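For reference, the chains in residue letters:
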Amino acid sequence: MCRHERASCYHCVSDLRSEKIGSSSCHHCVSDLRSEKIGSSSLSYRWIGPFCTAFLISIIAMVVGFILMPSPIDPVEYVLPEPNELVGPLEPNDVLKHAERLYSGKLNGPESIVLDGDYIYVGTADGWVNVLHKGEVRKLVRFGQEPCGGMENEQICGRPLGMRMEEHGFLIVADAYLGLFQVNVVTGDYIQLFSSSTSVNGKPVRFLNDLDIGPDGKIYFTHSSAKWNRNEFPMLFMEGVPNGRLLVYDPKTEVVSELMDKLLFANGVQLTRDKSAVLVVETLKARVWRYDIKSGKASIWTENLSGLPDNIRYSKPSGTYFIGMARVRQKGAALIDALSSKPWLRGQLAKLFGSNSIMFFEKMLFWCGPLCGSPKALAVELNENGTVIRSMQDQTGEVIHRVSEVESSSGVFYFGSFDGNYLGRLYKKHIPGS
Ligand SMILES: [Ca+2]
């Protein structure tokens, strides 16, 4: 019995039940229904068809509505070259497994590190600049106010990132939200050198990231975005608009000037050994620029790095440079690369997940590192020409899970990470072949 005939019979059955006993065709119909062994209870399923149709229409309407809904970002395409195979100096290794975790559980996100004899300075997610000495953590200074803890409070509390010691023994700190500060490391007193609420060249200064100091006292520093704060960083990479900059603070005039613009997530800063140029990390392009101070010209120093580079530091003992990677880029397993050429998809994902959910999503992908064929932790060493000559990795993240910065002194490396709860330490004697 076809569907049309069946529908007509249901009407007949209904008529029969209400004692409108009619034509023999109806009796015939009932007989047909019985012969198909369709019980009366089956008749109650007649709503399924219309329900399914309405459901499908609703889903289509929701999908269309979602696609038409404005995205919180204005994504653009950016190009990343095909990631390199991890071969040669990038050959998989577990050098970082020889490291140890110091102050485990006592630090939250020590991204940048300053070594000063027996004292170590780090900035953490609770807004404090801390002094580490003989196993103790002492809170030195915080630039913001309570509430603190959690990324949602960072805008008020502050978040110290890059830091350096200047020649007179003051600590210079870039707080991601609040600006540049000069700190007395004995008393914790500080003065604000530059406030992030001040625009430079008519553009906002958001997400201060890292700094270095020239021999004349000028402070070269980056801000990663002109639009997004640090706690919105997933939006920065989902949008892909290059508006980070390299700025310079002149202590004589107290003026901040722009040196480089249009950087896609400006990050680590390091003067070259001869102090003639500033190396500037552009995280989302996986490359580093060399800004010549005298001429004001910039050129690529190294590119297509095998990760998303964070801070860069010069190592005096070896005369080389170290870069910590926020994430590893490997052929066939690089999320950022996969999304870089798909701005429409990034726009939809930003609507769907929002900033917090994207961070969770990113974290899940990070933890699948070994399954995706990439090491969790990677730091690379480069020579003066910007060539990678060595790498230190931890394939499972068991000891060092991620590297934001590598700081070195004679015989020792220290590793910071923006989301770790420890400071990593590795004695060079434990590195095979050293
Ligand atoms: Ca950084």
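Predicted, not measured: the structure shown is a model, and the values here were computed from it. (Residues numbered from 1 in each chain as written. Predicted model: local features only at pLDDT ≥ 70, side-chain atom pairs only at ≥ 80, totals over all residues.)

### Section: the overall build of the protein
Within the protein one finds seven helices and 24 strands. Sorting the 434 residues of the protein into buried and exposed places 42% on the buried side. For the protein, the proportion of contacts with a sequence separation of at least 24, taken over those separated by at least 6, is 53%. (Helix = DSSP H or I, 4+ residues; strand = E, 2+ residues; numbered from the N terminus. Buried ≥ 20, exposed ≤ 12 C-beta atoms within 10 Å, placed from the backbone. Contact = placed C-beta atoms within 7 Å.)

### Quick notes on the sheet that holds strand β18 (residues 307–315)
What links the strands of a sheet is backbone hydrogen bonding, and the strands pair in either a parallel or an antiparallel sense. The strand order β18-β19-β20-β21 describes an open sheet built from four strands, whose pairing is antiparallel. Looking along the sheet, the strands with just one partner apiece sit at the ends: β18 and β21 (388–394). Each strand of the sheet is rotated relative to its neighbour by a mean of 20 degrees, with strand direction disregarded. Pairing between strand β19 (residues 320–328) and strand β20 (residues 377–382): four bridges, direction antiparallel. Residue pairing in the sheet places isoleucine 323 in a bridge with valine 380 of β20. (Pairing = 2+ DSSP bridges. Axes fitted to C-alpha atoms, helices over the stretch in contact; angles between N-to-C directions.)

### Some points on the pairing of strand β24 (residues 423–427)
As paired elements, strand β1 (residues 100–102) and β24 share three bridges and run antiparallel to each other. Each residue of the ladder has a partner; that of arginine 101, found in β24, is glycine 424. The sheet contact formed by strand β23 (residues 412–416) and β24 spans four bridges and is antiparallel. When the bridges of β24 are listed, phenylalanine 413 appears paired with leucine 426. Where β23 hands over to β24, the hairpin turn is made up of six residues, counted between the paired strands.

### Side note on the UniProt feature "transmembrane region" (unreviewed entry) in the protein
In the UniProt entry, the feature "transmembrane region" (unreviewed entry) is given for residues 47–69. Within the segment residues 47–69, helix and strand shares are 91% and 0% respectively, and the terminal C-alpha atoms sit 32 Å apart. (UniProt positions renumbered as here; feature names shortened; annotations may be inferred.)

### A few points about the sheet that holds strand β4 (residues 128–133)
Strand order in the open sheet formed by four strands is β2-β3-β4-β5, with antiparallel pairing between adjacent strands. Strands with a single pairing partner mark the edges of an open sheet, and in this sheet they are β2 (113–116) and β5 (136–142). Strand-to-strand twist across the sheet, computed as the mean angle between neighbouring axes with direction ignored, equals 25 degrees. Bridging between strand β3 (residues 119–123) and β4 involves four bridges; their strand directions are antiparallel. Residue pairing across strands places isoleucine 120 opposite leucine 132, the latter belonging to β4.

### What about the nonpolar core?
Within the largest apolar cluster, 94 residues are counted, with the highest numbers of intra-cluster contacts made by Ile219, Phe221, Val280 and Ala379. In terms of residue count, β19 provides more of this core than any other element does, six residues in total. The residues touching valine 280, leaving out its near neighbours within four places in the chain, are Thr222, Leu246, Met260, Leu263, Ala266, Val269, Val288, Trp289 and Tyr291. (Core = buried A, V, L, I, M, F, W, Y, C linked by C-beta atoms within 7 Å.)

### A closer look at the environment of valine 255
Here valine 255 shows up in strand β13 (residues 255–263). Valine 255 gets classed as exposed once you count the C-beta atoms within 10 Å, which come to 11. Considered as a pair, valine 255 and leucine 193 are 62 residues apart in the sequence and their alpha carbons are 9.4 Å apart.

### Observations concerning helix α3 (residues 48–68)
Residues spaced three or four apart along an α-helix face the same direction, because each turn holds 3.6 residues. Taking 1.5 Å per residue as the helical rise, α3 with its 21 residues ought to reach 30 Å, and the 30 Å between its terminal C-alpha atoms agrees with that figure. Burial runs low along α3: only zero of the 21 residues are buried. (Expected span 1.5 Å × (residues − 1).)

### Focus on unusual backbone geometry
Cis geometry marks the peptide bond from glutamate 146 to proline 147, where omega comes out at 5 degrees. You can see proline 147 is positioned in the loop between β5 and α4 (154–157). One non-glycine residue, lysine 134, adopts positive backbone phi at about 50 degrees. A count of 6 C-beta atoms within 10 Å places lysine 134 in the exposed class. Although it is not a glycine, lysine 262 adopts a positive phi angle of roughly 60 degrees. Within the element layout of this structure, lysine 262 appears in strand β13. According to the C-beta neighbour criterion, lysine 262 is exposed, with 11 such atoms within 10 Å.

### Some words on the environment of methionine 235
When you line up the elements, methionine 235 lands in helix α5 (residues 233–239). On the neighbour-count criterion, methionine 235 (20 C-beta atoms within 10 Å) is buried. Along the sequence, methionine 235 and proline 75 sit 160 residues apart, while their C-alpha atoms lie 9.3 Å from each other.

### Considering the pairing of β5
Bridge count for β4 against β5 is six bridges, and the pairing is antiparallel. Paired with leucine 132 across the bridge in β5 is valine 137. Between the antiparallel neighbours β4 and β5 lie two residues, among them lysine 134 with a positive phi of about 50 degrees.

### Focus on the confidence of the model for the protein
Per-residue confidence for the protein gives a mean pLDDT of 87, with 84% of residues at or over 70. The model gives residues 19–23 a pLDDT under 50, and that stretch makes three contacts with residues more than four places away or in other chains. (pLDDT = per-residue confidence, 0-100.)

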